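Below are the chains, spelled out letter by letter.
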Amino acid sequence: MSTVVKKLVEEDAEVVREVATASWNFTYKGIYDYEYIEQWLRDHYSIGGIKKDIRRSLNDEGLLFLGVFVDSLCVGFIECKFSHGEADLLRLYLRPDKMGQGYGKALLLDAENFLVKHSIKKCILEVNRKNTRAISFYKNFGFRITGINGDDYSMVKEYQTC
Ligand SMILES: CC(C)(COP(=O)(O)OP(=O)(O)OC[C@H]1O[C@@H](n2cnc3c(N)ncnc32)[C@H](O)[C@@H]1OP(=O)(O)O)[C@@H](O)C(=O)NCCC(=O)NCCS
């Protein structure tokens, strides 16, 4: 079995939407209602919108959009925005049947490597306070909770760059 983390290309837009749909329905069932999830996916995972972000990532325009592929199948993705030494982890989603097998770690480590090379000193994110799996995962990687923003925790991690 071969596992590769790489920048997504426009042809991956459909599979990103498929992974997001499965991951959102699995993760947020019982946290958000069905209509909210459907609406979010429609608004934030249009094929045009995903392709636009992929192009920005490929052109290194302040966005990093990576996928993790197992035997050529995309099983998850991470998206970070970055500027002026600071990054924002916008999205990190895996297929439900691929969680807990190291793919989230592979994506986060690759993204962090990239960010540190781009002189990023700090990464922030927002995570739903009921999303205990993700909160534990982020804490495991050195993120700490810095505040509450509505239903979310704000988390931050600082990097040593020279
Ligand atoms: C959160 C998510 C990205 C984590 O990825 P994953 O592949 O399941 O996690 P991994 O298998 O890579 O785990 C990496 C490390 O975190 C630890 N970890 C993962 N889940 C954990 C949990 N629930 N509790 C404690 N530790 C956990 C693992 O033990 C592992 O530690 P190690 O490196 O010391 O062995 C993934 O589960 C996911 O897609 N969840 C649904 C979507 C989501 O909630 N995204 C975040 C939105 S803000």
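Report follows, based on the coordinates. All of these numbers come straight from a predicted model, not from anything done at the bench. (Residues numbered from 1 in each chain as written. Predicted model: local features only at pLDDT ≥ 70, side-chain atom pairs only at ≥ 80, totals over all residues. Heavy atoms only, no water.)

**Thoughts on the overall build of the protein chain**
In terms of regular secondary structure, the protein chain is built from five helices and seven strands. Ordered by position in the sequence, the α and β elements of the protein chain form the string β-α-α-α-β-β-β-α-β-α-β-β. The C-alpha radius of gyration of the protein chain comes to 15 Å, within 12% of the 15 Å expected for a compact globule of 162 residues. Viewed in the frame of its principal axes, the protein chain has a C-alpha envelope of about 45 × 35 × 30 Å. The buried share of the protein chain, taken over its 162 residues, is 43%. Taking contacts inside the protein chain between residues at least 6 apart in sequence as the whole, the part at least 24 apart equals 61%. Between the averaged position of the 23 positive side-chain charges in the protein chain and that of its 23 negative side-chain charges there is a distance of 4 Å. (Helix = DSSP H or I, 4+ residues; strand = E, 2+ residues; numbered from the N terminus. Rg over C-alpha atoms; globule rule 2.2 N^0.38 Å. Buried < 20%, exposed > 50% of the residue type's maximum accessible area, 1.4 Å probe, protein only. Contact = heavy atoms within 4.5 Å. Lys, Arg positive; Asp, Glu negative; His and termini not counted. Charge placed at Lys NZ, Arg CZ, Asp CG, Glu CD.)

**Points about the nonpolar core**
One finds Ile-78, Leu-89, Tyr-138 and Phe-143 to be the most contacted residues of the largest nonpolar core, which totals 30 residues. Sorting the residues of this core by element identifies strand E2 (63-70), strand E3 (73-83), strand E4 (86-94), helix H4 (103-117), strand E5 (122-128) and helix H5 (132-140) as the ones contributing at least two each. Ranked by residues supplied to this core, first place goes to H4 with six residues. Setting aside chain neighbours within four positions, we find Leu-89 in contact with Ile-78, Glu-79, Cys-80, Leu-108, Cys-123, Ile-124, Leu-125 and Tyr-138. Counting residues in each nonpolar core, the second largest holds 20 residues, with Ala-13, Tyr-32, Phe-65 and Cys-74 among its members. (Core = buried A, V, L, I, M, F, W, Y, C linked by side-chain atoms within 4.5 Å.)

**Points about the site of the ligand**
Not every one of the 23 residues close to the ligand is listed here, only the nearest: Leu-92, Gly-100, Gly-102, Lys-105 and Asn-131. At a separation of 2.7 Å, an oxygen atom of the ligand approaches a polar backbone atom of Gly-102. Here an oxygen atom of the ligand sits 2.7 Å away from a polar atom, N or O, in the side chain of Asn-131. Here the ligand has 930 Å² of accessible area as a free molecule, and 74% of this is covered by the chains. Taken together, the elements giving at least two residues each to the shell around the ligand come down to helix H1 (13-28), E4, H4, E5 and H5. Ranked by residues supplied to the shell around the ligand, first place goes to H5 with six residues. When its residues are assigned to classes, the shell around the ligand shows eleven nonpolar, nine polar and three charged. (Near = heavy atom within 4 Å. Polar contact = N/O pair within 3.5 Å; in protein donor to acceptor, adjacent residues only side chain to side chain. Areas by Shrake-Rupley, 256 points an atom, 1.4 Å probe, with all protein chains shown as cover. Nonpolar A, V, L, I, M, F, W, Y, C, P; charged D, E, K, R; others polar.)

**Quick notes on the packing of H1 against helix H3 (residues 47-58)**
At a closest axis distance of 9 Å, the pairing of H1 and H3 adopts a crossing angle of 115°. Accordingly, the angle class assigned to the pair H1 and H3 is roughly perpendicular. Here the hand of the crossing between H1 and H3 comes out right-handed. Across from Ala-13, Glu-14, Val-16 and Arg-17 in H1, the residues of H3 making contact are Ile-47, Ile-50, Lys-51 and Ile-54. (Axes fitted to C-alpha atoms, helices over the stretch in contact; angles between N-to-C directions. Parallel < 35°, antiparallel > 145°, perpendicular 65-115°, else oblique. Left-handed = near helix turned anticlockwise from the far one by under 90°.)

**Description of the environment of Glu-35**
Checked against the element boundaries, Glu-35 lands in helix H2 (residues 34-44). Along the primary structure Glu-35 and Ala-13 are separated by 22 residues, whereas in three dimensions their C-alpha atoms are 23 Å apart.

**Focus: the sheet that holds E2**
With respect to topology, seven strands assemble into an open sheet ordered E1-E2-E3-E4-E5-E7-E6, the strand pairing being mixed. Looking at strand neighbours, the two that pair on one side only are strand E1 (3-7) and strand E6 (144-149), the edges of this open sheet. Strand-to-strand twist in this sheet, taken as the mean axis angle between neighbours without regard to direction, amounts to 25°. Both E5 and strand E7 (residues 152-158) contribute to a ladder of seven bridges, which runs antiparallel. What sits directly across from Asn-128, in E7, is Asp-152. Across the sheet, H3 touches E1, E2, E3 and E4, and the angle it forms with E2 is around 100°. (Pairing = 2+ DSSP bridges.)

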